[in-house]
Amino acid sequence: MDIMALGFSAATASGSDLHSNLSSTLAASSSSLSSLTDYSTYPLMRQGDRTYFRDPENVYPLPCDLPEIHRQSLRTFMLLRVLGGPFCNPHLANRPPKRVLEIACGSALWSGLCHDYFTRRGHPDVAFAGIDVISIAPDLRKQGMNWQFKRHDLRRPRLPFPDNYFDFVFIKDAGMCPSSPAQSASGLSEPLRVLKSGGILEVWDSDWSFRSLLPNPAPARKTSSKEQEIADATATYTFSSATPFTRAQNKFMVDYNSWLEKSFDRLKLTALPCATIGLSFNSEVDLLENVDSRRVAIPLGDLRWERDGQIKDSNGRPRKALTPEQIAIRRTALLTTIQMIEGLEPILMESSGKGRDEWDRWWAAMTADLLQKGGLSSGECLEVSAWWGQKK
């Protein structure tokens, strides 16, 4: 399966609806003098050729436009492949939920894919709900889903649902949201409030700064045979806190890490949501049980120590040359990372102190090094993680 081709195809399948929703929201933001202060009704603004939140108190730094939706869609398809499906909790496949909530749903691609998963297994009537600060998701009822969308600012104290309502609550790639489990000490309280006793809470996220994986890492402890089979098939690496990493070696990734961390310190965001979310789950011992996690490192390029035959699969055999699918997965990880850096350009430029001409020269040199010159052969990788737990 060509992950990139599949991702582009699916991400653009409802492109006209997404583009229409975004265009109408942006047009409304620009249509009235009252929009100068009404950030709730008129949330977006143009900055250069990208669209961002205009509320100065909403520090979410990524764009809210069609290119960003496509990037997130590619990332979603890649994550479903390297994690083995739309969720990691081992019990949901045999115990399908009745009601599912996707928080910060964006284009609702995950909800659609999760619906397809349950439908293929004979459970087409699972009800899905999505919430986000802007309405860009298409009307999935047209695709036969039991679906509702509610526009909601996650900075508000309560989610717009009653207590004990959902069987499954899912949050993905919300680590830059100020009220996410990665940023707020109470980031799990509302998802747990609307979750039924016995229901599942699951959170996926990726770290925003990058490290290099050292050669010949051992599989993470407690890795199941199925998880290791997926890692071998996708040429990715399960890891834990004991896995050997080092600082990024590529000079452009070193620059990016430095500027990102400076920007995030100013915005009071964490560049390492994975560790923070894990702490959030482990702190909810009074409400959560059966807490577990998966952590996967996706190399961003062809690694030198893999070519030298140092890496063996789970059966002890030297890992062979990458397959087309494995190459596509790494290429998708790299492309979505470069697109993310592009989306973060305003805050990175500010932190770097570079003017437009200086930034453009750095950008051109960076993309050439990463895409054409094999500059990521020292082990730089995208670290993705999933956590889940069951409400008591």
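Residues numbered from 1 in each chain as written. Predicted model: local features only at pLDDT ≥ 70, side-chain atom pairs only at ≥ 80, totals over all residues. Heavy atoms only, no water.

**With respect to the confidence of the model for the chain**
Link 1 in the chain: Scored by pLDDT, the chain has a mean of 88; 87% of the residues are at 70 or more.
Link 2 in the chain: In this model residues 1–13 is a low-confidence stretch, pLDDT under 50, and it forms 25 contacts with partners more than four residues away in sequence or in other chains. (pLDDT = per-residue confidence, 0-100. Contact = heavy atoms within 4.5 Å.)

**Side note on the side chain of Asp173**
Link 1 in the chain: Along the chain, the position of Asp173 falls in the loop between strand E6 (166–172) and helix H5 (189–193).
Link 2 in the chain: A polar contact is formed between the side chain of Asp173 and the side chain of Lys172, at a distance of 3.1 Å.
Link 3 in the chain: In contact with Asp173, other than residues within four places in its own chain, are Arg75, Leu79, Trp204, Asp205 and Ser206. (Helix = DSSP H or I, 4+ residues; strand = E, 2+ residues; numbered from the N terminus. Polar contact = N/O pair within 3.5 Å; in protein donor to acceptor, adjacent residues only side chain to side chain.)

**Quick word on the layout of surface pockets**
Link 1 in the chain: There is about 960 Å³ of room inside the largest pocket.
Link 2 in the chain: Along its surface, the largest pocket is lined by 39 residues, and Glu227, Asp292, Ser293, Arg294 and Trp388 are the ones closest to its centre.
Link 3 in the chain: The element best represented in the lining of the largest pocket is strand E11 (residues 288–299), accounting for 6 residues.
Link 4 in the chain: For the lining of the largest pocket, a count of residues per class yields 16 nonpolar, 15 polar and 8 charged. (1 Å grid on protein atoms, 1.4 Å probe; cavity = no way out; pocket = protein on both sides within 12 Å on 5 of 7 lines; lining within 4 Å. Points joined across faces, edges and corners; volume = space filled by probe spheres on them. Nonpolar A, V, L, I, M, F, W, Y, C, P; charged D, E, K, R; others polar.)

**Section: the pairing of strand E2 (residues 50–53)**
Link 1 in the chain: Where strand E1 (residues 44–47) lies against E2, 4 bridges are found, and the strand directions are antiparallel. Of the residues in E2, the one forming a bridge with Arg46 is Thr51.
Link 2 in the chain: Linking E1 back to E2 in an antiparallel pair, the connection comprises 2 residues, with Gly48 at a positive phi of about 65 degrees. (Pairing = 2+ DSSP bridges.)

**Looking at the packing of aromatic side chains**
Between two aromatic rings, the relevant description is the distance of the centres plus the angle of the planes.
Link 1 in the chain: By the definition in use, this model includes 19 aromatic pairs.
Link 2 in the chain: Seen in terms of ring centroids, Trp110 and Phe168 are 5.9 Å apart; in terms of plane orientation they differ by 70 degrees. Their pairing is edge-to-face. Here the residue Trp110 occupies a position in helix H4 (residues 109–120), and Phe168 occupies one in strand E6, the gap between them amounting to 58 residues.
Link 3 in the chain: Residue class for Trp110 comes out buried when judged on its relative accessible area of 1%.
Link 4 in the chain: Taking the centre distance of 4.9 Å and the plane angle of 80 degrees together, the rings of Phe161 and Phe166 count as edge-to-face. As far as burial versus exposure is concerned, Phe161 and Phe166 are alike and both buried.
Link 5 in the chain: Among the aromatic residues, those joined into a cluster by ring pairs are Phe87, Trp110, Tyr117, Phe118, Phe168, Phe170 and Trp204. (Phe/Tyr/Trp six-rings, centres within 6.5 Å; stacked < 30°, edge-to-face > 60°. Buried < 20%, exposed > 50% of the residue type's maximum accessible area, 1.4 Å probe, protein only.)

**Details of the nonpolar core**
Link 1 in the chain: Counting residues in each nonpolar core, the largest one holds 98 residues, and the members touching the most others are Leu101, Phe128, Leu201, Tyr256, Ile298, Leu344 and Leu348.
Link 2 in the chain: Ranked by residues supplied to this core, first place goes to helix H3 (residues 66–83) with 8 residues.
Link 3 in the chain: Setting aside anything within four residues of it in sequence, one finds Leu201 in contact with Val169, Ile171, Leu188, Pro191, Leu192, Leu195, Phe281, Trp387, Trp388 and Gly389. (Core = buried A, V, L, I, M, F, W, Y, C linked by side-chain atoms within 4.5 Å.)

**Quick word on the pattern of salt bridges**
Link 1 in the chain: All told, the structure shown has 17 salt bridges when counted by the stated rule.
Link 2 in the chain: Between Arg155 and Asp55 there is a salt bridge, with the nearest N and O atoms lying 3.0 Å from each other. Of this pair, Arg155 sits in the loop between strand E5 (146–151) and E6 while Asp55 is found in the loop between E2 and H3, placing the two residues 100 residues apart along the sequence.
Link 3 in the chain: The buried category is assigned to Asp55, whose relative accessible area is 13%.
Link 4 in the chain: Between Glu350 and Arg266 there is a salt bridge, with its nearest N and O atoms 3.4 Å apart. Taken together, the residues Glu350 in helix H11 (residues 345–352) and Arg266 in helix H7 (residues 251–267) connect sequence positions 84 residues apart.
Link 5 in the chain: Its relative accessible area of 41% is what places Arg266 among the partly exposed residues.
Link 6 in the chain: If you follow the salt bridges from partner to partner, you end up with Arg158, Asp163, Glu190 and Arg193 in one network. (Salt bridge = Lys/Arg side-chain N within 4 Å of Asp/Glu carboxyl O.)

**Some thoughts on the side chain of Asn89**
Link 1 in the chain: Topologically, Asn89 is positioned in the loop between H3 and strand E3 (99–103).
Link 2 in the chain: For Asn89, a relative accessible area of 5% gives the class buried.
Link 3 in the chain: A polar atom in the side chain of Asn89 sits 2.9 Å from the backbone nitrogen of His91.

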